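# Structural description and commentary
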Amino acid sequence: MKTTTLFEKYRPTTFDDVLGQEKAINKVKLLLARGWGGRAWWLSGASGTGKTTIARIIAGYGADDFYITEYDSADAMTAAEISRLEQDMCYLAPGKGGRAYIINEAHGLRKPMIRRLLGLLERIPNHVCIIFTTTKTGESSLFDEQVDAHPLLSRCAKIELTNQGLAKVFAEHCRQIATVENLNGKPLQSYIKLAQSCKNNCRQMLMTIETGDMLL
Ligand SMILES: Nc1ncnc2c1ncn2[C@@H]1O[C@H](COP(=O)(O)OP(=O)(O)OP(=O)(O)O)[C@@H](O)[C@H]1O
Ligand SMILES: [Mg+2]
């Protein structure tokens, strides 16, 4: 039997289910209304606040699951992989027609890959969408090796997720999940404390609940 972690089981699949990120979601919706493909996105924010979740929902708008490629780290973006991606993105996909590429931990991209991506981002076909996610905010010192982040970021629609005001919403959400999963034995206040000790990282909160820490 395949194990599904609580955080994957309860990962939002629609924008309405994403908690505490209304401002970011509104920006995303505004852009999506102007067209899904032909653009790159840059999603930044603290760990466990919804970046990969939102990236997958955006990707799903225009591409079927099979045509969504996700790179867990920038290290996976090798020169060979970029060449493969360049080939791949020339062709329309079956189903919804689109292809989406999600590059997580994008701050780890190395100089030669960034250089190649700059060219690639200039000519993204209308059936392709590329989404970067990163925990790093700001442009200065985003990349190692003194790479200027501006040329890359200026080719992307920038969406910043907030880390503010999440403790209560995440606490309520996680307590509800804990109750359904028979893992709840504590008052809301304990979940607010959990949110604070996890720095509002919803994944970490759900992992803690999964180990039975919120039982009596
Ligand atoms: N805003 C949110 N609303 C509801 N659930 C959330 C939210 N953010 C995170 N979660 C929960 O936490 C899990 C991890 O979230 P996600 O993968 O989107 O985090 P991330 O921002 O990409 O973090 P990292 O920087 O560590 O990759 C999700 O599967 C979901 O269960
Ligand atoms: Mg992520």
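Residues numbered from 1 in each chain as written. Chains lettered and ligands numbered in written order. Predicted model: local features only at pLDDT ≥ 70, side-chain atom pairs only at ≥ 80, totals over all residues. Heavy atoms only, no water.

### Here we look at the site of ligand 1
Note the threshold: Think of it this way: one heavy atom of a residue within 4 Å of a molecule or strand is enough to make that residue near it. Distance and chemistry together define a polar contact, namely a pair of N or O atoms within 3.5 Å, with one atom able to donate a hydrogen and the other to accept it when in protein, and with adjacent residues in sequence counting only for side-chain atoms on both sides. By definition, any uninterrupted DSSP run of H or I lasting at least four residues is a helix, any uninterrupted run of E lasting at least two residues is a strand, and each is numbered from the N terminus. Residue classes follow a fixed rule: Ala, Val, Leu, Ile, Met, Phe, Trp, Tyr, Cys and Pro count as nonpolar, while Asp, Glu, Lys and Arg count as charged, and any other residue, Gly among them, counts as polar. For the purposes of this description, domain bounds are those given by an automatic or database domain assignment.
If you check the shell around ligand 1, you find 20 residues, and the closest are Phe-7, Ser-47, Gly-48, Lys-51 and Thr-53. Between ligand 1 and Leu-19 there is a distance of 2.8 Å, counted from a nitrogen atom to a backbone nitrogen or oxygen. Listing elements by their share of the shell around ligand 1, those giving two or more residues are helix H3 (51-62) and helix H9 (202-210). A class-by-class count of the residues in the shell around ligand 1 yields 9 nonpolar, 7 polar and 4 charged. Residues from two domains meet in the shell around ligand 1; each of domain 1 (21-160) and domain 2 (167-210) gives at least three.

### Description of the pairing of strand E3 (residues 99-103)
Just so we agree on the cut-off: Buried means the residue's accessible area, taken with a 1.4 Å probe over protein chains only, is under 20% of the maximum for its type, while exposed means over 50%, and partly exposed covers the values in between. Two strands are said to pair when DSSP picks up at least two bridges between them. With strands facing away from the observer, any crossover in which the path from the first strand over the helix to the second runs clockwise is taken as right-handed.
Where burial is concerned, most of E3 is hidden: 5 out of the 5 residues are buried. Pairing between strand E2 (residues 68-71) and E3: 4 bridges, direction parallel. The residue of E3 that forms the bridge with Glu-70 is Ile-102. Taken together, E2, helix H4 (residues 79-88) and E3 form a β-α-β motif whose crossover is right-handed. Examined bridge by bridge, E3 and strand E4 (residues 128-134) share 5 bridges and lie parallel to one another. Bridged to Ala-100 within E4 is Cys-129. Between the parallel pair E3 and E4, the chain is carried across by helix H5 (residues 111-122), and the sense of this crossover is right-handed.

### Some details on the domain arrangement of the protein chain
Annotation of the protein chain at the domain level lists domain 1 (21-160) and domain 2 (167-210). Averaged C-alpha coordinates put domain 1 and domain 2 at centres separated by 30 Å.

### Here's the deal with H3
Selection criterion: Contact criterion: two residues are considered in contact whenever any of their non-hydrogen atoms come within 4.5 Å of each other.
Where burial is concerned, most of H3 is hidden: 9 out of the 12 residues are buried. The complete set of buried residues in H3 reads Lys-51, Thr-52, Thr-53, Ile-54, Ala-55, Ile-57, Ile-58, Ala-59 and Gly-62. Looking at the buried side of H3, the elements it contacts are helix H2 (22-33), strand E1 (39-44), E2, E3 and E4.

### Thoughts on the packing of aromatic side chains
Applied cut-off: Note on aromatic contacts: the rings of Phe and Tyr and the six-membered ring of Trp form a pair at centre separations within 6.5 Å, being stacked when their planes are under 30 degrees apart, edge-to-face when over 60 apart, and tilted otherwise. Placement of a charge over a ring requires the Lys NZ or Arg CZ to be within 6 Å of the ring centre, with the centre-to-atom vector within 35 degrees of the ring normal.
Scanning the entire structure with this criterion turns up 4 aromatic pairs. When the ring of Trp-42 is compared with that of Phe-143, the centres are 6.4 Å apart and the planes differ by 85 degrees; the resulting orientation is edge-to-face. Remark: Phe-143 occurs in the loop between E4 and helix H6 (150-153) and Trp-42 occurs in strand E1; sequence separation between them is 101 residues. Both residues of the pair, Trp-42 and Phe-143, count as buried. With a centroid separation of 5.1 Å and 80 degrees between ring planes, the pair formed by Phe-66 and Tyr-67 is classed as edge-to-face. For Phe-66, a relative accessible area of 68% translates into the label exposed. Residue classification places Tyr-67 among the buried residues on the basis of a relative accessible area of 19%. Connected via pairs of aromatic rings, a cluster forms that spans Trp-42, Phe-132 and Phe-143. Arg-39 extends its terminal NZ or CZ atom over the ring of Trp-41, reaching a point 5.8 Å from the ring centre.

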